[in-house]
Amino acid sequence: MKRDSQHANLDVIQTKSSFKDYVRSYEPTEFEIVTAEDRSFSPGSHFLQNHAYRFYRFLGFVCRQEFNNILDIGCFPGTFIRILGDILPETKIAGAGLGLSPEFKESLPAVEFYECNMDPDLYFDQYLSVPKKLPVQDASFDGVTATEIIEHLYNPYTLAREIYRVLKPGGFFYLTTNNYSSLTHIIRMIVGKTPTTLNFSSEPFEERSNYYWRPHVRFYTRDELKKIFHDVGFSEITVNGYWQEEWYENKESNIKRFLKNHLFNKLMPGLYCSCHEVHGRKQGPATP
């Protein structure tokens, strides 16, 4: 895809300052606004505010690639595909997810949506008729993204295989997830706590009302992520570590925000960071 200045708004992601200005002017949909049931962030804030630095890195990588179409797996609440549509309005965008409501789909009329159960080992009656593979042909997309999805799945290989299958030769993938060997997780395990957020309950999490998100069930080390994507066919896989900077006020204390934004980013930028950024390409010549 040519980066034609007449049809691209890449200035948005040129600097942190320019992206912060974009975030301030962003008008979220109802699906992006934090509800009282989400205990991680302040009710009334929105998804882009709370994950702004991750999106800044995410878009910075994606918009350096050459592509005509892109698939975002785990697309809810739609923030990435909305922003990408703003920055690259001529890009063909598709989104995949499970249980996407008609109202959500209608809020993004230019996007083609696919229903797919990326965790088919889980048994829920309402998902028996949902495809266990993306309903698209092999080698359909120039790029595939899946941010903060793999840690919610019991079997990561379903996701990795589908990413490989639907990518065109030469196409790229980009994924982010939590780091199992982060400093904070190591400390949690030392004091006898689990690093995941899975809440044990007799009530299946799919049946809980008024809350969109599955809990985290598994975190990964750098080597585990490389192995998963190597096993499904990728040969060139890069895993970078980063600390999630907090640009806007949320429920974290000022001390925690200072440590993540400044001290940890400077002293421990790699192994003990909070997040993994994974990307690679499918071998073969790029499809015209």
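Notes on the structure follow. (Residues numbered from 1 in each chain as written. Predicted model: local features only at pLDDT ≥ 70, side-chain atom pairs only at ≥ 80, totals over all residues. Heavy atoms only, no water.)

Thoughts on the pattern of salt bridges
Here comes step 1: All chains considered together, the criterion is met by 10 salt bridges.
Here comes step 2: The residue Lys 105 makes a salt bridge to Glu 115 at a minimum N-O spacing of 3.9 Å. Here Lys 105, found in helix α5 (residues 102–106), pairs with Glu 115, found in strand β3 (residues 112–115); they are 10 residues apart in sequence, far enough to count as distant.
Here comes step 3: For Lys 227, the salt bridge identified is with Asp 231, shortest N-O distance 2.7 Å. (Salt bridge = Lys/Arg side-chain N within 4 Å of Asp/Glu carboxyl O. Helix = DSSP H or I, 4+ residues; strand = E, 2+ residues; numbered from the N terminus.)

Notes on the packing of helix α3 (residues 52–62) against helix α4 (residues 79–87)
Here comes step 1: Remark: α3 packs on α4, axes separated minimally by 12 Å, with the N-to-C direction vectors making an angle of 50°. It follows that α3 is oblique to α4 by the angle criterion. Of the two elements, α3 crosses α4, and the hand of that crossing is right-handed. Residue-level inspection shows Phe 55, Phe 58, Leu 59 and Val 62 of α3 in contact with α4, the latter providing Thr 79, Phe 80, Ile 83, Leu 84 and Ile 87.
Here comes step 2: When its residues are assigned to classes, the contact of α3 with α4 shows 8 nonpolar, 1 polar and no charged. (Axes fitted to C-alpha atoms, helices over the stretch in contact; angles between N-to-C directions. Parallel < 35°, antiparallel > 145°, perpendicular 65-115°, else oblique. Left-handed = near helix turned anticlockwise from the far one by under 90°. Contact = heavy atoms within 4.5 Å. Nonpolar A, V, L, I, M, F, W, Y, C, P; charged D, E, K, R; others polar.)

A look at the sheet that holds strand β6 (residues 236–242)
Here comes step 1: With mixed pairing, the 7 strands of this open sheet are ordered in space as β3-β2-β1-β4-β5-β7-β6. Each end of this open sheet is capped by a strand with a single partner; those strands are β3 and β6. Averaged over neighbouring strand pairs, the angle between their axes works out to 15° when direction is ignored.
Here comes step 2: Where β6 meets strand β7 (residues 275–281), 7 bridges bridge the pair, whose relative direction is antiparallel. Along β7, the bridge assignment pairs Ile 237 with Gly 280.
Here comes step 3: The sheet contacts of helix α8 (residues 222–231) involve β5 (167–178), β6 and β7, and relative to β6 the element is tilted by about 155°. (Pairing = 2+ DSSP bridges.)

Overview of a nonpolar patch on the surface
Here comes step 1: Taken together, Ile 187, Ile 190 and Val 191 make up a surface patch of nonpolar side chains, about 320 Å² in accessible area.
Here comes step 2: Counting through the fold element by element, Ile 190 comes out in helix α7 (residues 183–190).
Here comes step 3: Residue Ile 190 is classed as exposed on the basis of its relative accessible area of 67%. (Patch = residues over 30% accessible without salt bridge, like charges linked within 9 Å, V, L, I, M, F, W, Y side chains within 5 Å. Areas by Shrake-Rupley, 256 points an atom, 1.4 Å probe, with all protein chains shown as cover. Buried < 20%, exposed > 50% of the residue type's maximum accessible area, 1.4 Å probe, protein only.)

Looking at the nonpolar core
Here comes step 1: If you look at the biggest cluster of nonpolar residues, it comprises 39 residues, and the most contacted ones within it are Phe 19, Phe 55, Leu 59, Val 62, Phe 80 and Leu 84.
Here comes step 2: Elements with a contribution of two residues or more to this core: α1 (16–25), α2 (47–50), α3, α4 and β5.
Here comes step 3: Per-element tally for this core: the top contributor is α3, with 8 residues.
Here comes step 4: The residues touching Leu 84, leaving out its near neighbours within four places in the chain, are Leu 59, Val 62, Cys 63, Ile 70, Pro 89 and Ile 93. (Core = buried A, V, L, I, M, F, W, Y, C linked by side-chain atoms within 4.5 Å.)

Function cannot be read off these values alone, since they describe shape.
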